[in-house]
Amino acid sequence: MKIRVSWYTVTNDLGPGRRFALWVQGCHKRCRGCISPSFRDMDGGKEYETDDILRMILDADVSHVTISGGEPFLQSEALADILTRLRQQRDVGVICYTGYKYEEIASDPLAGLVDLLIDGEYVEELDDGLPMRGSSNQRLIYLTDRYTSDDLPKHRTSTAFFEDENMILVGIPSKGAKEFLDMVRSDTDD
Ligand code: SF4
């Protein structure tokens, strides 16, 4: 089975513990101020076999996975395939971001594999510095008892990666990090 991916890395951002973070490519929403506009193009990123992503997660030797995008629920079948087979081999915690509201995707098999869901579109006016989410309308929905609020970071953290001409920001950027990101992007656009 194929999956279209924007980027992946191992990180200490985006949840408790060392984790494999996977950004899937493609999103139909157009939130103003979206931090990853290049991840929205449905034809962007790179196509992988789900077997390859599964192998990378297993090789990373992590106990946690965070899935973001793009929109994970547009590729839920492929992600469910990866997570189902991953959990047959290792007990991992799964955090997933989505631009949909939980009520819209609750019956999707992917939702049944997620421990903590952060839902809802990004609303720039509501970007008020809360950890783990881009804007305060987004809910932290604990779908299992694997994580509690005590496990989560109390502040926003993010890490910048530079690859060729591109800069990727992993995490939820603070106001200062977002200003830096905007500055870098405007310099790149010149
Ligand atoms: S849902 Fe996420 S990826 Fe999609 S436009 Fe909104 S912020 Fe960007």
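Here the structure is a predicted model, which means the values were calculated and not measured.

A.B. asks: Sorry if this is basic, but what is going on with the site of the ligand here?
C.D. replies: Every residue close to the ligand is listed here: Cys27, Lys29, Arg30, Cys31, Cys34, Arg40, Gly70, Gly99 and Tyr122. The residue inventory of the shell around the ligand, partitioned by class, reads 4 nonpolar, 2 polar and 3 charged.

A.B. asks: Explanation requested: the pairing of strand S1 (residues 2-11) in the structure shown.
C.D. replies: Taken residue by residue, a regular strand's side chains alternate between the two faces of the sheet. Sheet analysis places S1 next to strand S3 (residues 46-49), joined by 4 bridges and oriented antiparallel. Across the sheet, residue lysine 2 finds its bridge partner in S3, namely glutamate 49. Pairing of S1 with strand S2 (residues 19-24), which is carried by 6 bridges, proceeds in the antiparallel orientation. By the bridge assignment for S2, threonine 9 is matched with alanine 21.

A.B. asks: Can you walk me through the pattern of salt bridges in this structure?
C.D. replies: Opposite charge on two side chains allows them to pair when their charged atoms are near. Scanning the entire structure with this criterion turns up 14 salt bridges. Where aspartate 51 meets arginine 85, a salt bridge forms, and the shortest distance between an N and an O atom there is 2.8 Å. Of the two residues, aspartate 51 is situated in helix H1 (residues 50-60) and arginine 85 in helix H2 (residues 76-89); the sequence distance between them amounts to 34 residues. Overall, the relative accessible area of 45% leaves aspartate 51 in the partly exposed class. On the accessibility criterion, arginine 85 (25% relative accessible area) is partly exposed. For the salt bridge of aspartate 115 with arginine 146, the shortest nitrogen-to-oxygen distance reads 3.2 Å. Linking aspartate 115 in the loop between helix H3 (102-105) and strand S6 (116-119) with arginine 146 in the loop between strand S7 (139-142) and strand S8 (158-163), this pair joins segments that are 31 residues apart in sequence. Take aspartate 115: its relative accessible area is 4%, and that puts it in the buried class.

A.B. asks: When you look at the packing of aromatic side chains in this model, what are you seeing that I'm missing?
C.D. replies: The geometry of an aromatic ring pair is captured by the separation of the ring centres together with the interplanar angle, meaning the angle of the planes. Throughout the structure, instances matching the rule amount to 4 aromatic pairs. Residues tryptophan 7 and tryptophan 23 carry aromatic rings whose centres are separated by 5.9 Å and whose planes lie at 45° to one another, so their mutual orientation is tilted. Here tryptophan 7 is found in strand S1, whereas its partner tryptophan 23 is found in strand S2, with 16 residues between them in sequence. The pair tryptophan 7 / tryptophan 23 is uniform in exposure class, with both members buried. An angle of 65° between the planes, with centres 5.2 Å apart, marks the rings of tryptophan 7 and phenylalanine 161 as edge-to-face. In this pair, tryptophan 7 sits in strand S1 while phenylalanine 161 sits in strand S8, placing the two residues 154 residues apart along the sequence.

A.B. asks: How should I be thinking about the side chain of aspartate 119 in this particular structure?
C.D. replies: For aspartate 119, the location among the structural elements is in strand S6. A relative accessible area of 1% places aspartate 119 in the buried class. A polar atom in the side chain of aspartate 119 sits 2.9 Å from the backbone nitrogen of tyrosine 102. A polar contact is formed between the side chain of aspartate 119 and the side chain of arginine 139, at a distance of 2.5 Å. If we ignore the near neighbours within four places in the chain, the residues touching aspartate 119 are Thr98, Tyr100, Lys101, Tyr102, Gln138, Arg139 and Ile141.

A.B. asks: Sorry, what's going on with the nonpolar core here?
C.D. replies: Side chains of a nonpolar character, in soluble globular proteins, are inclined to be buried together. Formed by 32 residues in total, the largest nonpolar core has its most connected members in Ile3, Ile53, Ile57, Phe73 and Leu86. At the level of secondary structure, the elements contributing two or more residues to this core comprise S1, S2, H1, strand S4 (64-69), H2 and strand S5 (93-97). Residue contributions to this core peak at 6 residues, all from H2. Membership of the second largest hydrophobic core comes to 15 residues, among which are Trp7, Trp23, Phe39 and Tyr97.

A.B. asks: Just checking my understanding: could you explain the sheet that holds S3 for this structure?
C.D. replies: Pairing between the strands of a sheet comes from backbone hydrogen bonds, and it takes one of two forms, parallel or antiparallel. Strands sit in the order S3-S1-S2-S4-S5-S6-S7 across an open sheet of 7 strands; the sheet is mixed. For this open sheet the edge positions go to S3 and S7, each flanked by a neighbour on one side alone. Along the sheet, successive strands turn relative to each other by an average axial angle of 30°, direction set aside. As paired elements, S2 and S4 share 6 bridges and run parallel to each other. Across the sheet, the residue bridging to arginine 19 is histidine 64, located in S4. Packing of H1 onto the sheet brings it into contact with S1, S2, S3 and S4, and relative to S3 it is tilted by some 80°.

Conventions we followed
- Residues numbered from 1 in each chain as written.
- Predicted model: local features only at pLDDT ≥ 70, side-chain atom pairs only at ≥ 80, totals over all residues.
- Heavy atoms only, no water.
- Near = heavy atom within 4 Å.
- Nonpolar A, V, L, I, M, F, W, Y, C, P; charged D, E, K, R; others polar.
- Pairing = 2+ DSSP bridges.
- Helix = DSSP H or I, 4+ residues; strand = E, 2+ residues; numbered from the N terminus.
- Salt bridge = Lys/Arg side-chain N within 4 Å of Asp/Glu carboxyl O.
- Buried < 20%, exposed > 50% of the residue type's maximum accessible area, 1.4 Å probe, protein only.
- Phe/Tyr/Trp six-rings, centres within 6.5 Å; stacked < 30°, edge-to-face > 60°.
- Polar contact = N/O pair within 3.5 Å; in protein donor to acceptor, adjacent residues only side chain to side chain.
- Contact = heavy atoms within 4.5 Å.
- Core = buried A, V, L, I, M, F, W, Y, C linked by side-chain atoms within 4.5 Å.
- Axes fitted to C-alpha atoms, helices over the stretch in contact; angles between N-to-C directions.

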